[in-house]
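Descriptive structure summary
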Amino acid sequence: LDGYIEELSRLPPVPTHRQPPRPAQLTISDARTMREVMDYIYQVRCNLFHGRKDPRDEWDIAYIRACNSILKPWIHRVIADFDRPAGAMNEPHASQ
């Protein structure tokens, strides 16, 4: 995921369309800070669901692809954790 997060952090700031005192746009200043990464992804999601992303816009496509590259494996891992027996939660994944 690190490469995808780094790719996401190189994209331009994502507009927030929020009222002050909220920032007008979000950036990822530290790709190692999961909170920043998730806030950025959440803002892309908000823009997508509230009609502020255009499927023909090159940057909007880049935002969505980068976010998907991070969320898809993360969600699969979360689902795999739910499928594991209760006592096996502290055991490493087969992919590790």
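Heads up: these notes are all about the structure in this document. Quick caveat, the model's predicted, so the values are computed rather than measured. (Residues numbered from 1 in each chain as written. Predicted model: local features only at pLDDT ≥ 70, side-chain atom pairs only at ≥ 80, totals over all residues. Heavy atoms only, no water.)

**Points about the nonpolar core**
For clarity, the cut-off: We call a set of buried residues a nonpolar core when its members are Ala, Val, Leu, Ile, Met, Phe, Trp, Tyr or Cys and they connect through side-chain atoms within 4.5 Å of each other. Three labels apply to residues, based on accessible area from a 1.4 Å probe with only protein chains included: buried if under 20% of the type maximum, exposed if over 50%, partly exposed otherwise in between. Two residues qualify as a contact provided that any one of their heavy atoms is within 4.5 Å of a heavy atom in the partner residue.
L8 and Y40 are the most contacted members of the largest nonpolar core, which totals 14 residues. Ignoring anything within four residues of it in the chain, the contact list for L8 reads I28, V37, Y40, I41, Y63, A66, C67 and I70.

**Notes on helix α2 (residues 34–49)**
Definition in use: Strands here mean DSSP runs of E at least two residues long; helices mean DSSP runs of H or I at least four residues long; both are numbered from the N terminus. Expected helix span is taken as 1.5 Å per residue step, with the number of steps being one fewer than the number of residues.
For α2, spanning 16 residues, the distance from its first C-alpha to its last is 22 Å, which sits close to the expected 22 Å at 1.5 Å a residue. All of the buried residues along α2 are V37, Y40, I41, Q43, V44, C46 and N47. Lining the buried residues of α2 we find α1 (2–10), β1 (14–15), β2 (25–26) and α3 (58–83). One or two positions beyond α2, positive phi appears at G51, with a value near 80°.

**A closer look at the packing of aromatic side chains**
Just so we agree on the cut-off: Note on aromatic pairs: the rings of Phe, Tyr and Trp (six-membered ring only in Trp) are paired at centre separations within 6.5 Å, and the planes decide the class, stacked below 30 degrees, edge-to-face beyond 60, tilted for the rest.
Applying the stated rule across the entire model yields one aromatic pair. Taken together, a centroid distance of 6.3 Å and an interplanar angle of 55° make the contact between Y40 and Y63 tilted. Of this pair, Y40 sits in helix α2 while Y63 sits in helix α3, placing them 23 residues apart in sequence. Y63 carries the same exposure label as Y40, and that label is buried.

**Points about a nonpolar patch on the surface**
Formally: Residues forming no salt bridge and having over 30% relative accessible area are the ones grouped into patches, like charges within 9 Å of each other and nonpolar side chains (Val, Leu, Ile, Met, Phe, Trp, Tyr) within 5 Å. Accessible areas in this description were obtained via Shrake-Rupley with a 1.4 Å probe; residue shielding takes into account the shown protein chains only. By definition, a salt bridge exists where a carboxyl oxygen of Asp or Glu is found within 4 Å of a side-chain nitrogen of Lys or Arg.
Together, L1, Y4, W74, I75, V78, I79 and F82 line one region of the surface with nonpolar side chains, adding up to about 700 Å² of accessible area. In terms of residue count, the dominant contributor to the nonpolar patch is α3 (five residues). Note that L1 resides in the segment before α1. We classify L1 as partly exposed; its relative accessible area is 44%.

**Some words on the side chain of S9**
To keep things clear, this is the line we draw: Definition of a polar contact: a pair of N or O atoms within 3.5 Å, with one able to donate and the other able to accept a hydrogen when the atoms are protein atoms, and with sequence-neighbouring residues admitted only if both atoms are side-chain atoms.
Among the structural elements, S9 can be located in helix α1. Within the structure, S9 has its side chain in polar contact with the backbone oxygen of E6 (distance 2.7 Å).

**Notes on α1**
Given 3.6 residues per turn, any residue in an α-helix points the same way as the ones three and four places further on. Applicable threshold: Taken from the helix axis, the directions to the C-beta atoms give the arc we talk about.
Among all positions in α1, only I5, L8 and S9 are buried. Considered in projection along α1, the buried side chains sweep an arc of 100° and stay on one side of the axis. Exposed residues pointing more than 90 degrees away from the buried face of α1 are listed as G3 and R10.

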